[in-house]
Amino acid sequence: MATGANGGVGANAGGAPLQHKGAQTALWLSTFAFTACFAVWTIFSIIGVQIKAELGLNETQFGLLVGTPILTGSLIRVILGVWAEQYGGRVVNLIVMILAAGATFLLTYAETYPQFLIAALGVGIAGGAFSVGVTYVSKFFPKEKQGTALGVFGAGNVGSAVTKFAAPFVMIAMGWEAVAQIWAAALLVIGVLVFLLTRDDPDLVARRATGQKPQAAWLQLTPLKDLRVWRFSLYYFFVFGGFVALALWLPRYLTGVYDLDIKTAGMLAAAYSVPGSVFRIFGGWLSDRIGARKVMYLTFVVSVLCTFILSYPATSYVVEGTKGPIAFHMAIGLPLFVVLVFVLGFAMSLGKAAVYKHIPVYYPGHIGSVGGLVGMIGGLGGFVLPITFGMLNDLTGVATSCFMLLFVLVGAALLWMHLAIGRMERAHVPALSQLPEFPELHGLPTAGRDAR
């Protein structure tokens, strides 16, 4: 049976669900739009380096500058997700892109540090496009395909790599102001084109046909009291917030630690951003096939290993040998560093997709609010972490302190996930919690048994 006249999901001869009409167009154009938004959202990762030099900013001030757009884009995600549920993601996305384009263009008129921070708040509107797109795209696909679809959409994170590849050349040739102006114009044009070439989501069309009113905003927020939502948010704080933070921080890290020029640093930083974005598609597909839980375990274990190695600072040792002092020097060379951040970006890309695979399954009627909250917390990681990176640099003087922080964060997320899964498994198998510590002792009398 094909898709019905009302646009609903039907089934083929084998009973498999079909996607809604216009699903592929909505998916790929929304991904294109989100790519443009993400390129604007992370624009300070490149132009911020020149602004830092012009204004004489310290590391903490630079971290605040590059993180400020992330703050705005994060805080507005919940309300934008709710509005996308109520009024349709298509029109909300257009408004977001127009406002972000205007703010990015006005950025060129800033002259002082406070003015740059205010302008950066406006640029951050672009980041709100994520929760709008997740809500909009998920409406077109059955749950069996939502992991893959949202993985494709989330690959729009590659916009940060677009900025890292292109912005340094534009900035060197024409100045950072030209970067902001060109990015703003592209965002405006893309936003209008996507609006004209897509259609409203099936839920909105069905509500209009029946005259049904959208669910009240406060009802959309009721699932947010569920502890599981906040656990998902911690996962996303690392896999997405950490990704954004490093996407912003790596050009500065590479120029400072490895003494590279901004063009080379931008392109090498893209070796992290590209896998951290493009492989999100694979992460969505893998979550559909083997389950999001297994993908999250893979993400966290690989990330723990990578961040542990990257945390180790360049160190010199002197060992008192039998024939005199023996000196050692340990440091991560540039080639190994690039490989490690590539692997870290790959692992994070799988995790980003796996987190959002959970949401339509657990909360099908509240994708906007739950997805918005998870996205907000993850985005706040992209705001808080760069500032913390700068503070740690100023306080400790150790460049690798940023990876030390990420190691602690991912370790905590892995521990919480493992404990939560253990509790869920025991709850579903009550007899399991009643078994003795050693299965071979089951059925034996307890009297006289060694209490150890």
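Structural notes, computed from the coordinates. (Residues numbered from 1 in each chain as written. Predicted model: local features only at pLDDT ≥ 70, side-chain atom pairs only at ≥ 80, totals over all residues. Heavy atoms only, no water.)

A few points about the overall build of the chain
Phase 1: Helix and strand counts for the chain stand at 21 helices and two strands.
Phase 2: For the chain, the proportion of its 452 residues judged to be buried stands at 54%.
Phase 3: In the chain, the proportion of contacts linking residues at least 24 apart, taken out of those at least 6 apart, comes to 81%. (Helix = DSSP H or I, 4+ residues; strand = E, 2+ residues; numbered from the N terminus. Buried < 20%, exposed > 50% of the residue type's maximum accessible area, 1.4 Å probe, protein only. Contact = heavy atoms within 4.5 Å.)

Remarks on the packing of helix 4 (residues 77-87) against helix 7 (residues 129-138)
Phase 1: Close contact between helix 4 and helix 7 brings their axes to 8 Å; oriented N to C, the two are set at 30°. As the angle between them shows, helix 4 and helix 7 are arranged roughly parallel. Our pair here, helix 4 against helix 7, has a crossing hand that is right-handed. Contact residues: helix 4 offers Arg77, Leu80, Gly81, Ala84 and Glu85, while helix 7 offers Phe130, Ser131, Val132 and Thr135.
Phase 2: Considered class by class, the residues forming the contact of helix 4 with helix 7 number four nonpolar, three polar and two charged. (Axes fitted to C-alpha atoms, helices over the stretch in contact; angles between N-to-C directions. Parallel < 35°, antiparallel > 145°, perpendicular 65-115°, else oblique. Left-handed = near helix turned anticlockwise from the far one by under 90°. Nonpolar A, V, L, I, M, F, W, Y, C, P; charged D, E, K, R; others polar.)

A look at the pairing of strand 1 (residues 315-321)
Phase 1: Where strand 1 meets strand 2 (residues 324-330), seven bridges bridge the pair, whose relative direction is antiparallel. Bridging from a neighbouring strand, Thr315 pairs with Met330 of strand 2.
Phase 2: Between strand 1 and strand 2, which pair antiparallel and follow one another directly, the connecting turn spans two residues. (Pairing = 2+ DSSP bridges.)

As for the side chain of Arg280
Phase 1: Within the secondary structure, Arg280 is located in helix 16 (residues 280-290).
Phase 2: For the buried Arg280, no salt bridge exists, and the shortest N-O distance to an oppositely charged side chain is 12 Å, to Asp288.
Phase 3: At 3.1 Å, the side chain of Arg280 forms a polar contact with the side chain of Tyr236.
Phase 4: Those residues in contact with Arg280, other than ones at most four positions away along the chain, are Phe130, Leu150, Gly151, Gly154, Ala155, Asn157, Tyr236, Ser349, Lys352, Ala353 and Tyr356. (Lys, Arg positive; Asp, Glu negative; His and termini not counted. Salt bridge = Lys/Arg side-chain N within 4 Å of Asp/Glu carboxyl O. Polar contact = N/O pair within 3.5 Å; in protein donor to acceptor, adjacent residues only side chain to side chain.)

With respect to the pattern of salt bridges
Phase 1: In this structure the tally under the stated criterion is four salt bridges.
Phase 2: In this structure, Glu59 and Arg252 form a salt bridge, with 2.3 Å as the shortest nitrogen-oxygen distance. Of this pair, Glu59 sits in helix 3 (residues 59-75) while Arg252 sits in helix 13 (residues 227-257), placing them 193 residues apart in sequence.
Phase 3: What makes Glu59 buried here is its relative accessible area of 13%.
Phase 4: Measuring nitrogen to oxygen at the nearest pair gives 2.7 Å for the salt bridge that ties Asp288 to Lys357. Taken as a pair, Asp288 in helix 16 and Lys357 in helix 18 (residues 334-362) lie far apart in primary sequence, 69 residues in all.

Focus on a nonpolar patch on the surface
Phase 1: A cluster of nonpolar side chains, Ile98, Leu188, Val189, Val192, Leu193, Leu196 and Leu197, forms an exposed patch at the surface whose accessible area comes to about 620 Å².
Phase 2: Of all the elements, helix 10 (residues 176-197) adds the most residues to the nonpolar patch, at six residues.
Phase 3: Note that Leu188 resides in helix 10.
Phase 4: Residue class for Leu188 comes out partly exposed when judged on its relative accessible area of 40%. (Patch = residues over 30% accessible without salt bridge, like charges linked within 9 Å, V, L, I, M, F, W, Y side chains within 5 Å. Areas by Shrake-Rupley, 256 points an atom, 1.4 Å probe, with all protein chains shown as cover.)

A look at helix 8 (residues 143-154)
Two residues of an α-helix separated by three or four positions point the same way, owing to the 3.6 residues in each turn.
Phase 1: Here helix 8 spans 16 Å end to end across twelve residues, near enough to the 16 Å set by a 1.5 Å rise per residue.
Phase 2: Within helix 8, the full set of buried residues consists of Gln146, Gly147, Ala149, Leu150, Gly151, Val152, Phe153 and Gly154.
Phase 3: Tucked inside the fold, the buried residues of helix 8 contact helix 1 (23-41), helix 7, helix 16 and helix 18. (Expected span 1.5 Å × (residues − 1).)

Details of unusual backbone geometry
Phase 1: Positive phi is not limited to glycine here, since Asp259 has a value of about 60°.
Phase 2: By the element assignment, Asp259 lies in the loop between helix 13 and helix 14 (262-273).

Things to note about the packing of aromatic side chains
Phase 1: Tallying each qualifying case throughout the model produces 27 aromatic pairs.
Phase 2: Plain terms: the ring middles of Phe38 and Trp41 are 5.4 Å apart, the flat faces sit at 80° to each other, and that makes the pair edge-to-face. Taken together, the residues Phe38 and Trp41, both in helix 1 and three residues apart, mark about one turn of the helix.
Phase 3: Looking at Trp41, the relative accessible area reads 1%, which means it is buried.
Phase 4: Relative to Phe243, the ring of Phe38 has its centre 6.3 Å away and its plane inclined at 40°; by these criteria the two rings are tilted. Here the residue Phe38 occupies a position in helix 1, and Phe243 occupies one in helix 13, the gap between them amounting to 205 residues.
Phase 5: Take Phe243: its relative accessible area is 0%, and that puts it in the buried class.
Phase 6: Grouping aromatic residues by their ring pairs yields a cluster made of Phe34, Phe38, Trp41, Phe130, Phe153, Tyr236, Phe240 and Phe243.
Phase 7: Between the NZ or CZ atom of Arg90 and the centre of the ring of Phe195, over which it lies, the distance is 4.0 Å. (Phe/Tyr/Trp six-rings, centres within 6.5 Å; stacked < 30°, edge-to-face > 60°. Lys NZ or Arg CZ within 6 Å of the ring centre and 35° of its normal.)

Here's the deal with the environment of Gly127
Phase 1: Within the secondary structure, Gly127 is located in the loop between helix 6 (113-123) and helix 7.
Phase 2: Not counting residues up to four positions away in its chain, the partners in contact with Gly127 are Trp41, Gly73 and Arg77.

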